Amino acid sequence: MVDSHTREPLDMVPATTADAAPLIALRDSLARWMVANGIRQWLPGEYPVAVLAREATRGEWYVRREPTGEVVAAVRMVWHDPDFWGEGEIEAGYVHGLMVAPGHRGHGMGARVLAFCAERTLARGLDRQRLDAAADNGPLRKYYAAQGFTELRETTLPPQFHGTDRVVLMEKLLS
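All values reported here derive from a predicted model rather than from experimental measurement.

## Brief notes about the overall build of the chain
Next, step 1: Of regular secondary structure, the chain possesses 5 helices and 7 strands.
Next, step 2: Each helix and strand of the chain, ordered N terminal to C terminal, gives the series β-α-α-β-β-α-β-α-β-α-β-β.
Next, step 3: Taken against the 2.2 N^0.38 rule, which gives 16 Å for 175 residues, the C-alpha radius of gyration of the chain at 15 Å falls within 12% of a compact globule.
Next, step 4: Viewed in the frame of its principal axes, the chain has a C-alpha envelope of about 35 × 35 × 30 Å.

## Thoughts on the confidence of the model for the chain
Next, step 1: Per-residue pLDDT for the chain has a mean of 90; in total, 94% of the residues score no lower than 70.
Next, step 2: Low pLDDT, under 50, characterises residues 1–6; the stretch is placed with 15 contacts to residues that sit more than four places away or in other chains.

## As for helix α1 (residues 20–36)
Next, step 1: Its 17 residues give α1 an end-to-end C-alpha distance of 24 Å, which sits within 8% of 24 Å, the value for a rise of 1.5 Å per residue.
Next, step 2: The set of residues buried in α1 consists of A20, L23, I24, L26, R27, D28, L30, A31 and M34.
Next, step 3: Structurally, α1 contributes buried residues whose contacts are with α2 (49–57), β2 (61–65), β3 (71–78) and β4 (93–100).
Next, step 4: Backbone geometry just after α1 places G38 at a positive phi near 75 degrees.

## Some words on the pairing of strand β7 (residues 166–173)
Next, step 1: Of all 8 residues in β7, 6 are buried, a share of seventy percent or more.
Next, step 2: For strand β5 (residues 128–134) and β7, the ladder comprises 7 bridges, and the chain directions are antiparallel. Its bridge partner lying in β7, R128 is registered against L173.
Next, step 3: As paired strands, strand β6 (residues 150–156) and β7 are joined by 6 bridges and run antiparallel to one another. Among the inter-strand pairings, E154 is bridged to a residue of β7, identified as V168.

## Examining the nonpolar core
Next, step 1: In this structure, V75, V113 and Y144 are the most contacted members of the largest nonpolar core, which totals 24 residues.
Next, step 2: When residues of this core are traced back to their parent elements, those giving at least two are β3, β4, α4 (109–123), β5 and β7.
Next, step 3: Of the residues forming this core, the biggest block, 5 residues, is contributed by α4.
Next, step 4: The contact partners of V113, leaving out residues within four places of it in the chain, are L10, M12, A73, V75 and L98.

## Details of the sheet that holds β5
Next, step 1: On the basis of which strands lie adjacent, the open sheet formed by 7 strands has the order β1-β2-β3-β4-β5-β7-β6 and mixed pairing. Of all the strands in the sheet, the pair left with one neighbour each is β1 (13–14) and β6.
Next, step 2: When β4 meets β5, the two strands line up parallel, connected through 2 bridges. The residue bridging G93 from the neighbouring strand is Q129, located in β5.

## Topic: the pattern of salt bridges
Next, step 1: For the structure on display, the rule yields 12 salt bridges.
Next, step 2: Put simply, D19 and R65 hold a salt bridge, and the shortest N to O gap is 2.6 Å. Residue D19 is found in the loop between β1 and α1, and its partner R65 is found in strand β2; the two are separated by 46 residues along the sequence.
Next, step 3: The exposure class assigned to D19 is buried, which follows from its relative accessible area of 7%.
Next, step 4: Here E46 and R27 are joined by a salt bridge, their closest N and O atoms 3.3 Å apart. Within this pair, whereas E46 is found in the loop between α1 and α2, its partner R27 is found in helix α1, the two being separated by 19 residues in sequence.
Next, step 5: By relative accessible area, which is 7% here, R27 ends up buried.
Next, step 6: Salt bridges sharing partners connect three or more residues here, namely E55, R58, E60 and R76.

The rules behind the values
- Residues numbered from 1 in each chain as written.
- Predicted model: local features only at pLDDT ≥ 70, side-chain atom pairs only at ≥ 80, totals over all residues.
- Heavy atoms only, no water.
- Helix = DSSP H or I, 4+ residues; strand = E, 2+ residues; numbered from the N terminus.
- Rg over C-alpha atoms; globule rule 2.2 N^0.38 Å.
- pLDDT = per-residue confidence, 0-100.
- Contact = heavy atoms within 4.5 Å.
- Expected span 1.5 Å × (residues − 1).
- Buried < 20%, exposed > 50% of the residue type's maximum accessible area, 1.4 Å probe, protein only.
- Pairing = 2+ DSSP bridges.
- Core = buried A, V, L, I, M, F, W, Y, C linked by side-chain atoms within 4.5 Å.
- Salt bridge = Lys/Arg side-chain N within 4 Å of Asp/Glu carboxyl O.

Put into structure tokens, the structure is as follows:
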């Protein structure tokens, strides 16, 4: 079931290790756009292909492909996230790395990816989604609030990550 803050879930499939390089290329292109626009969320080159390939092998990444094979959306889902959430970490649907290819923005695809994540979370018997955003990324924080997420607290970004030093932890209770 999808609540009133989302649209029909996007049909996504598990990523494979072959998707790692194209996903990193997409992420780096989005990171370059962020840097050029003064957004300190991601940095180009900070996410190694080998790391994403290992995460894909563990079943953490999902993609949406066009019939041409082009990846137009991707997201990483995990059930635990102590690096970001620390003491507040519980089993939940943790959303990371949500990406929509530039040519597909503005059509509700991000909301549909979040709906896909919500369905997976509910199917696991969990009632909440969690994610983070750079504390100084006002437009992204506003976007997630419009998708039904509530800001819980601001915290320091773990040292192994780059781009910004502060993140806002957000949560959405699922019905």
